[in-house]
Amino acid sequence: AMLATRRGGAVVRAAVRGAGCRGLGTKHPVQGSDAQNEPHLPRWRDSVAWGNTVTDPRAQFGAFAGSYDAHRPGYPASLFSLITDLLAQRAAPETTPQTPVNTAGSLASSQLVVDILDVATGTGRVALALASADPSARVIAADSDPKMLAAAADAATGLNLDATMQFLECPSERLSVKDASVDGITAFQSFHWFSEAEALAEFSRVLRPSGLFFAAWNDRDISVPWVREFELLIEKHNPKFDHRAKQSDLWLPVLTSTNHFAPATGLELSSNQPFHFPHSVKYGAADELVELCQTFSYVENAMPSATKANFFADVQALVADAHGDDGFELPYIAKLYVLEKTQE
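An account of the accompanying structure is given in this report. No experiment lies behind these values; they were computed from the predicted model shown.

A separate point is the overall build of the chain. Counting its secondary structure elements, the chain contains 14 helices and 10 strands. Expressed as a percentage of contacts within the chain between residues at least 6 apart in sequence, the contacts between residues at least 24 apart total 80%. For the chain, the exposed area adds up to about 13900 Å²; of that, 51% sits on carbon and sulfur atoms.

Right, here's the structure in full:
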């Protein structure tokens, strides 16, 4: 495989190990038990539920990168402020301005003291938000999908953020980043695609001793009746989809399963993880919700065309029944896990 790096429009390639769909993980079959009481990982990786129709796994999301970026929800600004504040507090004073990446080109600057690596960056929403939240930070965006990565790099250029950002084409289990070279790693809406043992070991390798690992998911708020009906519609048309397993409250046992990481301490936060950040996305019409659905792998890659057409019709009917012709909001809860390296 090749590593592609981009800074200010320049692309540098170097050989790296491995390839994969945002990560290298092999999807596991559903074993069949109460999804509310079992770790999420096996159910999330059910290849039937999520779709198995893409020949090149790196194209799982890049095939609809534009729609993904236009319709997927973001995250509240308070979440990014928390991350950058925590990293600034824990960053070692002796952190050097040397770039963590072994490639041509350098992000070195004597004023940059915090290095953040966003894995499975997709179209770069999280990486761009972090770069905006802390202009003094250096942000590295990594993804194995070249189309998604190109979209992220173009967005950085449009926002004039590319001077402090770098883009790496590599899977999360095979990061071409130096040992102990970053202060923070973020994996948003992505860890379920990884080979967890390999990814956690790799994250531990590249994090500095005081570094933090942040894993987050956007969950639709199923306490809202019409949202729960929406989830049940997905299950109706994709029976392998399980809206309970899709909720992200039980990831802590998985994230700490290899003993590379433990819940972070000394954060002046509640000890109960994940931390919840409610937010919502406004829509003007049902068609916009349908367009969002077209970015879901468990819809776009898993449902046959005729099934998708019936599902989209049901979504239109649900919105009409719940909201009439009015605009509406789709409520989310962003769920954040904050972990630190264990002493090895």
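Having seen it, we continue.
Of all hydrophobic cores here, the largest spans 36 residues; its most connected members are L79, M165, F167, F188, F214, L336 and V338. Mapped by element, the contributors of at least two residues to this core are α5 (77–90), α6 (125–133), β4 (138–143), α7 (146–158), β5 (165–169), β7 (207–220), β9 (275–283) and β10 (328–341). Here this core takes 6 residues from α5, the largest share from any one element. If you look at the next biggest cluster of nonpolar residues, it comprises 29 residues, including A120, I185, W217 and V254.

Another point: helix α12 (residues 286–293). Buried within α12 are the following residues: A286, L289, V290, L292 and C293. Projected onto a plane normal to the axis of α12, the buried residues spread over an arc of 155 degrees and lie on a single side.

Take A129: it is sitting in helix α6. The partly exposed category is assigned to A129, whose relative accessible area is 22%. Between the alpha carbons of A129 and S81 there is a distance of 9.5 Å; along the sequence they are 48 residues apart.

By secondary structure assignment, the location of S190 is in the loop between β6 (182–188) and α8 (196–206). The class of S190 is buried, set by a relative accessible area of 0%.

This part takes up the packing of α12 against helix α14 (residues 305–323). Each pair of packed helices can be summarised by the angle the axes make with each other and by the distance between the axes. Closest axis-to-axis distance for the α12/α14 pair is 9 Å, and the angle between their directions is 140 degrees. Taken together, the axis directions place α12 and α14 in an arrangement best described as oblique. Every pair of crossing elements has a handedness; the one defined by α12 and α14 is right-handed. The segment α12 lies against α14, with A286, D287, L289, V290 and C293 engaging F311, F312, V315, Q316 and V319.

Here the distance between the centres and the angle between the planes together describe a pair of aromatic rings. Across all of its chains, the model carries 16 aromatic pairs by this definition. Relative to Y298, the ring of F296 has its centre 5.0 Å away and its plane inclined at 25 degrees; by these criteria the two rings are stacked. The exposure class assigned to Y298 is buried, which follows from its relative accessible area of 3%. What links up through ring pairs into an aromatic cluster is the set F191, F194, F203, F213, W217, W251, F261 and Y337.

Looking now at the pairing of β9. Along β9, the buried face is formed by F275, F277, H279, V281 and Y283; none of H276, P278, S280 and K282, which line the opposite face, is buried. Relative to β10, β9 runs antiparallel, the two being bridged by 9 bridges. When the bridges of β10 are listed, H279 appears paired with Y332.

The next point concerns the pairing of β6. Along β6, 7 of the 7 residues are buried, which leaves the element largely enclosed by surrounding structure. With 3 bridges connecting them, strand β3 (residues 115–118) and β6 associate as parallel partners. Counted as the bridge partner of I116 is G184 from β6. Where β6 lies against β7, 6 bridges are found, and the strand directions are parallel. Within the sheet, the bridge partner assigned to V182 lies in β7 and is L207.

Reading the values: the criteria
Residues numbered from 1 in each chain as written. Predicted model: local features only at pLDDT ≥ 70, side-chain atom pairs only at ≥ 80, totals over all residues. Heavy atoms only, no water. Helix = DSSP H or I, 4+ residues; strand = E, 2+ residues; numbered from the N terminus. Contact = heavy atoms within 4.5 Å. Areas by Shrake-Rupley, 256 points an atom, 1.4 Å probe, with all protein chains shown as cover. Core = buried A, V, L, I, M, F, W, Y, C linked by side-chain atoms within 4.5 Å. Buried < 20%, exposed > 50% of the residue type's maximum accessible area, 1.4 Å probe, protein only. Arc of directions from axis to C-beta. Axes fitted to C-alpha atoms, helices over the stretch in contact; angles between N-to-C directions. Parallel < 35°, antiparallel > 145°, perpendicular 65-115°, else oblique. Left-handed = near helix turned anticlockwise from the far one by under 90°. Phe/Tyr/Trp six-rings, centres within 6.5 Å; stacked < 30°, edge-to-face > 60°. Pairing = 2+ DSSP bridges.

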